[in-house]
Amino acid sequence: MARRNDIIQGLRDGIPIAMGYFAVAFSLGIIAKQAGLTAAIGFVSSFFTRASAGEYGVYTLVAAQAAYVEIVAMCLVTNLRYMLMSAALSQKIAPGTSWLHRVLMACCVTDEIFGISIARERYCPPAYTYSAALISTLLWASGCAAGIVAGGMLPTAIVAALSVALYGMFLAIIMPPARNDRYVLYAIVASFVLSGACSVAPVVSSWSSGTRTIVLTVVISAVVAWWKPIKMEDTDGQA
């Protein structure tokens, strides 16, 4: 009975996430169509990835005919935060839970699934995370496939307009923290300036766009982390 309740609650909490996922993934599907992916390939890749920034980076690299090593590196760099989320989520798993459940729950982690899982009182049961991840993943993958199909049917002007929606989503993600933390704003401005400079600079401009993006991401993140590290607070609220 408890497991059944966990599944029902997971589905209930996952439906709003799934609806938002479908809209975002639809825009990703437009990008995937421009990269030459079919609806079936888009569905499978989205089902096992579920990361907007990671998928966008992969699809753009595929469109640019980048090397496999660049695509793998892009996925690793853009999705490193999930390692930290998985480590945090492990503290919400009941002692005695099998290693298989722990691995599968880590595979379910996205920003939103992590949020609702970590917010549960006491331990988070695997059934809850699985059900929430399942419904959201199905709509995420379906949204990408639908975007690919629509990208092949809609006029070019409309496809181009829909492609801009994903950039709007990224702006919506980065602007709020940039207003609250000037160091985040500095990193964003630096990424724009350095990306433009590297596209015309000697030697660096000859690198592929994927390689430039990976190098800039690592360098800018490392510099900001060294310049203004985030201080962790203990349970008493003292740094």
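Just so it is clear, the model here is predicted, and its values are computed rather than measured.

Participant: Would you mind going over the overall build of the chain with me for this structure?
Facilitator: Secondary structure assignment for the chain yields eleven helices and zero strands. In the chain, the order of α-helices and β-strands from amino to carboxyl end is α-α-α-α-α-α-α-α-α-α-α. The contacts in the chain between residues at least 6 apart in sequence include a share of 75% that link residues at least 24 apart. A total of about 14,100 Å² of accessible surface is found on the chain, and carbon and sulfur atoms cover 69% of it.

Participant: Honestly, the packing of helix H7 (residues 111-118) against helix H8 (residues 126-153) in this entry has me stumped. Any pointers?
Facilitator: Pairs of packed helices are described in terms of their axes, by the angle between the two and the distance that separates them. Relative to each other, H7 and H8 sit at 150°, their axes nearing to 10 Å. The angle between the axes of H7 and H8 places the two elements in the roughly antiparallel class. Handedness of the H7/H8 crossing: right-handed. Seen from H7, the contacting residues are Ile113, Ile116 and Ser117; seen from H8, they are Tyr128, Thr129, Ala132, Ala133 and Ser136.

Participant: Looking at this structure, I do not really get the packing of aromatic side chains. What am I missing?
Facilitator: The geometry of two aromatic rings is summed up by the distance between their centres and the angle between their planes. Tallied over the entire structure, the rule returns six aromatic pairs. Taken together, a centroid distance of 5.8 Å and an interplanar angle of 80° make the contact between Tyr183 and Tyr186 edge-to-face. Of the two residues, Tyr183 and Tyr186 are both situated in helix H10 (residues 182-198); the distance of three residues between them amounts to about one turn of the helix. Of the residues examined, Tyr186 reaches a relative accessible area of 38% and is grouped as partly exposed. Connected via pairs of aromatic rings, a cluster forms that spans Phe43, Phe47 and Phe48. Positioned above the aromatic ring of Tyr128, the side-chain terminus of Arg120 is 4.2 Å from the ring centre.

Participant: It is not clear to me how helix H5 (residues 81-89) should be interpreted in this structure. Could you clarify?
Facilitator: An α-helix turns once every 3.6 residues. As a result, residues three or four positions apart point the same way. Among the residues making up H5, those that are buried are Tyr82, Met85 and Leu89. Looking down the long axis of H5, one finds its buried residues gathered within 55° of arc, a one-sided arrangement. Those residues of H5 that are exposed and angled more than 90 degrees off the buried face are Met83 and Leu84. On the buried face of H5, the contacting elements are helix H6 (99-107) and H7.

Participant: For this particular structure, what's the right way to read the side chain of Ser46?
Facilitator: Summarising the element assignment, Ser46 is placed in helix H2 (residues 39-49). Classification of Ser46 by relative accessible area gives buried; the value is 0%. Leave out the neighbours within four places in its chain, and Ser46 touches Glu55, Tyr59, Trp140, Ala141 and Cys144.

Participant: In this structure, what is going on with the pattern of salt bridges? I would like to understand it.
Facilitator: One side chain can pair with another of opposite charge once the charged atoms of both are near each other. For the structure on display, the rule yields one salt bridge. For Arg120, the salt bridge identified is with Asp6, shortest N-O distance 3.8 Å. Remark: Asp6 occurs in helix H1 (residues 2-34) and Arg120 occurs in the loop between H7 and H8; sequence separation between them is 114 residues. A relative accessible area of 22% places Arg120 in the partly exposed class. Overall, Asp6 belongs to the buried group, its relative accessible area being 17%.

Participant: Hey, could you run me through the environment of Asn5 in this one?
Facilitator: As for its placement among the helices and strands, Asn5 is situated in helix H1. On the basis of relative accessibility, which here comes to 42%, the residue Asn5 falls in the partly exposed class. In this structure the C-alpha to C-alpha distance between Asn5 and Ala127, which are 122 residues apart in sequence, comes to 9.1 Å.

Here is what the cut-offs are and how they apply
Residues numbered from 1 in each chain as written. Predicted model: local features only at pLDDT ≥ 70, side-chain atom pairs only at ≥ 80, totals over all residues. Heavy atoms only, no water. Helix = DSSP H or I, 4+ residues; strand = E, 2+ residues; numbered from the N terminus. Contact = heavy atoms within 4.5 Å. Areas by Shrake-Rupley, 256 points an atom, 1.4 Å probe, with all protein chains shown as cover. Axes fitted to C-alpha atoms, helices over the stretch in contact; angles between N-to-C directions. Parallel < 35°, antiparallel > 145°, perpendicular 65-115°, else oblique. Left-handed = near helix turned anticlockwise from the far one by under 90°. Phe/Tyr/Trp six-rings, centres within 6.5 Å; stacked < 30°, edge-to-face > 60°. Buried < 20%, exposed > 50% of the residue type's maximum accessible area, 1.4 Å probe, protein only. Lys NZ or Arg CZ within 6 Å of the ring centre and 35° of its normal. Arc of directions from axis to C-beta. Salt bridge = Lys/Arg side-chain N within 4 Å of Asp/Glu carboxyl O.

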